[in-house]
Amino acid sequence: MSPRRSDPLIRPTLIDIGARLMSEEGPRALSTRRLAAEAGCSTMAVYTHFGGMSGLVREMVHEGFARLQVHFSHVLDTSDPVADMALLGRAYRYNAHRNPHLYSIMFGTSTHAGFSLTEEDRQYGRYTLAKVVHTAHRCITDGRFSTDDPELVAHHMWTALHGLVTLELGHYLIPPYDPDRCFESQLVNLMTSAGDSRAAASRSVAASLLRLVGEVEDVNGDARAEGAARP
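So, here's what we can say about the structure. (Residues numbered from 1 in each chain as written. Predicted model: local features only at pLDDT ≥ 70, side-chain atom pairs only at ≥ 80, totals over all residues. Heavy atoms only, no water.)

Right, let's get into the side chain of Glu 215. Considering the arrangement of structural elements, one finds Glu 215 in helix α12 (residues 212-217). Relative accessible area serves as the criterion here: at 12%, Glu 215 is assigned to the buried category. Within the local environment of Glu 215, its side chain forms a polar contact with the side chain of Arg 211, the two groups lying 2.7 Å apart. In contact with Glu 215, not counting residues within four places along its chain, are His 74, Val 75, Leu 76 and Leu 87. (Helix = DSSP H or I, 4+ residues; strand = E, 2+ residues; numbered from the N terminus. Buried < 20%, exposed > 50% of the residue type's maximum accessible area, 1.4 Å probe, protein only. Polar contact = N/O pair within 3.5 Å; in protein donor to acceptor, adjacent residues only side chain to side chain. Contact = heavy atoms within 4.5 Å.)

It is worth spelling out the packing of aromatic side chains at this point. A complete count under the given rule lists 4 aromatic pairs for this structure. Here Phe 65 and Phe 107 contribute two aromatic rings whose centre-to-centre distance is 5.5 Å and whose plane-to-plane angle is 80°, an arrangement assigned as edge-to-face. Highlighted residues: Phe 65 in helix α4 (residues 53-73) and Phe 107 in the loop between α6 (100-106) and α7 (119-126), separated in sequence by 42 residues. By way of ring pairs, the aromatic residues Phe 65, Tyr 92, Tyr 103, Phe 107 and Trp 158 are connected into one cluster. One residue, Arg 93, lies across the ring of Phe 183, its end atom 4.6 Å from the ring centre. (Phe/Tyr/Trp six-rings, centres within 6.5 Å; stacked < 30°, edge-to-face > 60°. Lys NZ or Arg CZ within 6 Å of the ring centre and 35° of its normal.)

Before going further, it helps to spend a moment on the packing of α4 against α7. In the contact formed by α4 and α7, the axes pass within 9 Å of each other and the chain directions differ by 15°. Judged by the inter-axis angle, α4 sits roughly parallel to α7. Considering the relative orientation of α4 and α7, their crossing is right-handed. For the pair α4 and α7, contact is made by Arg 58, His 62, Phe 65 and Ala 66 and by Asp 121, Tyr 124 and Gly 125, respectively. Of the residues that constitute the contact of α4 with α7, the class distribution is 3 nonpolar, 2 polar and 2 charged. (Axes fitted to C-alpha atoms, helices over the stretch in contact; angles between N-to-C directions. Parallel < 35°, antiparallel > 145°, perpendicular 65-115°, else oblique. Left-handed = near helix turned anticlockwise from the far one by under 90°. Nonpolar A, V, L, I, M, F, W, Y, C, P; charged D, E, K, R; others polar.)

The relative placement of two packed helices is expressed as an angle between their axes plus a distance between the axes. Contact geometry of helix α8 (residues 129-141) with helix α9 (residues 150-169) gives a least axis separation of 8 Å together with a crossing angle of 120°. Considering their axes alone, α8 and α9 lie oblique with respect to each other. Judged by the twist between their axes, the crossing of α8 over α9 is right-handed. For the pair α8 and α9, contact is made by Leu 129, Val 132, Val 133, Ala 136, His 137 and Ile 140 and by Pro 150, Glu 151, Val 153, Ala 154, His 155, Met 157 and Trp 158, respectively. Its residues placed into classes, the contact of α8 with α9 shows 10 nonpolar, 2 polar and 1 charged.

Within the largest apolar cluster, 61 residues are counted, with the highest numbers of intra-cluster contacts made by Leu 35, Met 60, Met 85 and Met 191. Ranked by the residues each element gives to this core, the list is headed by helix α5 (residues 81-98), at 9 residues. Beyond its immediate sequence surroundings of up to four residues, Met 85 is in contact with Val 132, Thr 135, Ala 136, Cys 139, Phe 145, Val 153, Met 157 and Met 191. (Core = buried A, V, L, I, M, F, W, Y, C linked by side-chain atoms within 4.5 Å.)

What follows concerns unusual backbone geometry. With an omega of 5°, the peptide bond running from Pro 175 to Pro 176 counts as cis. Among the structural elements, Pro 176 can be located in the loop between α9 and α10 (179-193). If you check the backbone angles, His 171 has positive phi at about 65° while not being a glycine. Note that His 171 resides in the loop between α9 and α10.

What follows is about the environment of Tyr 103. When you line up the elements, Tyr 103 lands in helix α6. In this structure Tyr 103 comes out as buried when scored by relative accessible area, which is 5%. A sequence separation of 40 residues divides Tyr 103 from Glu 63, and the C-alpha atoms of the two residues are 9.9 Å apart.

Turning our attention to helix α1 (residues 10-25). In this model, α1 (16 residues) spans 22 Å end to end at C-alpha, consistent with the 22 Å of a helix rising 1.5 Å per residue. When we look at burial in α1, the residues that qualify are Ile 10, Arg 11, Pro 12, Leu 14, Ile 15, Ile 17, Gly 18, Ala 19, Leu 21 and Met 22. In the segment just after α1, Gly 26 is the residue with positive phi, at about 95°. (Expected span 1.5 Å × (residues − 1).)

Printed below as a string of structure tokens:
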């Protein structure tokens, strides 16, 4: 069965299947024949939608960041910018859990022969930090953070949480220092390292957890649909 251009699901389906194959079985598992068999379409779908295998892998990277951006965009600006910042951290972790195969490819952890991340690809991913920088600036303006460099705060958030989430997905974090315990503690520590008091940071981090379902956990379908709509 050949894919129809009007089918809104074939494109993200190929991306998800391709990412899963690379993550679970390695780059050699990724072939047009295997993709077509699992997606129920013709092998031409890869060329029609991505121009070839390298184009598909590059789109996996872009799709992963697009889904992350959708989750970030649903985090509201409230009167508690530190809670907003903590919720962005939760959104990052949630996106990784919902899209673990894409997550391993977004940062070049999984690669395919003939493909390597370009500076343009990496810059595409860096754009997702804009919301985090914006929120860090609000924390500074509100007097909660003492630093004067919101971009550095955003990078500290990114590097710290990326490391934690990577260890979590690799099942390295076990009781008594399980993922939830480490994550909650890390959020508070990140806020205090930027200048917030521990008491205030703890309250804001706790408040962000109460917003997780309403602002982040129910938007994964929207994230996938937005990816499908991209050319």
